[in-house]
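Chain by chain, the residues:
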Amino acid sequence: MKEKLNKIKEEALKEHIPIIMDDTLEVVDKILKQIKPKKILEIGTAVGYSAICFSEYLEADGIIDTIERDEERVKEAIKNITELGLDKKINILQGDAVEILPTLQNKYDMVFIDAAKGKYPFFLQQALRMLNKTGVILADNVLYKGYVMSDYNKHKQRTAVRNLREYIAEVTQNPELETEILEVGDGLAVSKWKKGM
Ligand code: SAH
Ligand code: MG
């Protein structure tokens, strides 16, 4: 398992696929140990690396639903997941998350947002709709190489930066949520329902 996982990681890095960074993964591992999830939703599978890592913390009968729109990556993810015997636990939904999310009617203990940055506010709205009372929403890359917190706003990444700022504003200002923005990896936002909500 460890060996195969390292191979997946090395290959993804070689191909410049933005898989979860080690320090971010450490934080997520800690959270997963606490919440003991039965159902996880991931937006952005890539080649399955993060989903495979998270699957270690699933309760018995637990499931990860993970969404990916890139056909080649879906193929690679299916291959990796099957080789590790995790195809009963990790369920890949192929297509655009913007279209797939509104069709889902499950409740999740964790939602991991890790796809198109320009869509984070929409992903948040969908994640909140499906989040269990004790669930947690994690959003990766929210600080986007420091662009989000600087006065950076003229570039092709402008829409991404604007939407990431909007995401942060929403999770920090929503009176029902408790949010921490952690400076691990490329920035990780951790949001849960406020107690008593
Ligand atoms: N979570 C993975 C990395 C995901 S990289 C890991 O840590 O191992 C982000 C992925 O999101 C890319 O593979 C990209 O194709 C996918 N993606 C981006 N926007 C998407 C969308 N709107 N719907 C579905 N997948 C999307
Ligand atoms: Mg990421």
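Notes on the structure follow.

The rules behind these values
- Residues numbered from 1 in each chain as written.
- Chains lettered and ligands numbered in written order.
- Predicted model: local features only at pLDDT ≥ 70, side-chain atom pairs only at ≥ 80, totals over all residues.
- Heavy atoms only, no water.
- Helix = DSSP H or I, 4+ residues; strand = E, 2+ residues; numbered from the N terminus.
- Rg over C-alpha atoms; globule rule 2.2 N^0.38 Å.
- Buried < 20%, exposed > 50% of the residue type's maximum accessible area, 1.4 Å probe, protein only.
- Contact = heavy atoms within 4.5 Å.
- Areas by Shrake-Rupley, 256 points an atom, 1.4 Å probe, with all protein chains shown as cover.
- Near = heavy atom within 4 Å.
- Polar contact = N/O pair within 3.5 Å; in protein donor to acceptor, adjacent residues only side chain to side chain.
- Phe/Tyr/Trp six-rings, centres within 6.5 Å; stacked < 30°, edge-to-face > 60°.
- Lys NZ or Arg CZ within 6 Å of the ring centre and 35° of its normal.
- Pairing = 2+ DSSP bridges.
- Axes fitted to C-alpha atoms, helices over the stretch in contact; angles between N-to-C directions.
- Donors = N, O, S within 2.8 Å, 3.2 Å for Na, K, Ca; no water.

**A look at the overall build of the chain**
Regarding its fold elements, the chain presents 7 helices and 7 strands. Helices and strands appear in the chain in the N-to-C order α-α-β-α-β-α-β-α-β-α-β-α-β-β. Taken against the 2.2 N^0.38 rule, which gives 16 Å for 197 residues, the C-alpha radius of gyration of the chain at 16 Å falls within 12% of a compact globule. For the chain, the spread of C-alpha atoms along the principal axes amounts to about 45 × 40 × 30 Å. A buried classification covers 50% of the 197 residues belonging to the chain. Within the chain, contacts between residues separated by at least 24 positions form 66% of all contacts whose residues are at least 6 apart in sequence. As presented, the chain carries roughly 10,400 Å² of accessible surface, and 49% of it is formed by carbon and sulfur atoms.

**Brief notes about the site of ligand 1**
Taken together, 19 residues surround ligand 1, and among them Ile 20, Gly 44, Glu 68, Arg 73 and Asp 114 come closest. Within the backbone of Ile 20, a nitrogen or oxygen atom sits 2.8 Å from an oxygen atom of ligand 1. Note that an oxygen atom of ligand 1 is positioned 2.6 Å from one of the side-chain N or O atoms of Glu 68. When isolated, ligand 1 has an accessible area of 580 Å², and the protein chains bury 93% of it.

**A closer look at the packing of aromatic side chains**
Evaluated as defined, the whole model comprises 5 aromatic pairs. Relative to Tyr 167, the ring of Tyr 120 has its centre 5.6 Å away and its plane inclined at 70°; by these criteria the two rings are edge-to-face. Here Tyr 120 is found in helix H6 (residues 120-130), whereas its partner Tyr 167 is found in helix H7 (residues 158-173), with 47 residues between them in sequence. On the basis of relative accessible area, Tyr 120 is assigned to the buried category, the value being 0%. Note on Tyr 167: relative accessible area 0%, which makes it buried. When the ring of Tyr 144 is compared with that of Tyr 147, the centres are 5.0 Å apart and the planes differ by 75°; the resulting orientation is edge-to-face. For Tyr 144, a relative accessible area of 9% translates into the label buried. Taken together, the ring pairs connect Tyr 120, Phe 122, Phe 123 and Tyr 167 into an aromatic cluster. One cation-aromatic arrangement involves Lys 117 over Tyr 144; the distance from NZ or CZ to the ring centre is 4.6 Å. Just above the ring of Trp 193 sits the side chain of Lys 133; from NZ or CZ to the centre is 5.2 Å.

**Quick word on the sheet that holds strand E2 (residues 63-68)**
As summarised here, the arrangement of the 7 strands in space is E3-E2-E1-E4-E5-E7-E6, forming an open sheet in which the pairing is mixed. In the strand order of this sheet, the two ends are held by strand E3 (90-94) and strand E6 (177-182), each with one partner. Direction aside, neighbouring strands of the sheet carry axes that sit 15° apart on average. Judged from the 5 bridges that link them, E2 and E3 form a sheet pairing that is parallel. In the strand pairing of E3, Glu 68 is matched with Gln 94. In the packing of helix H2 (residues 22-35) onto the sheet, the strands contacted are strand E1 (39-43), strand E4 (108-113), strand E5 (131-140), E6 and strand E7 (188-193), and the crossing angle to E5 comes to about 175°. Strands in contact with H7 are E4, E5, E6 and E7; relative to E6, the strand with the most contacts, it is inclined by about 135°.

**Some thoughts on the coordination of the magnesium ion (ligand 2)**
Within the protein, Asp 114 (OD), Asp 140 (OD) and Asn 141 (OD1) serve as the donor atoms for the magnesium ion (ligand 2), at 2.1 to 2.2 Å. For Asn 141, a relative accessible area of 13% puts it in the buried group.

These figures capture arrangement, not role.
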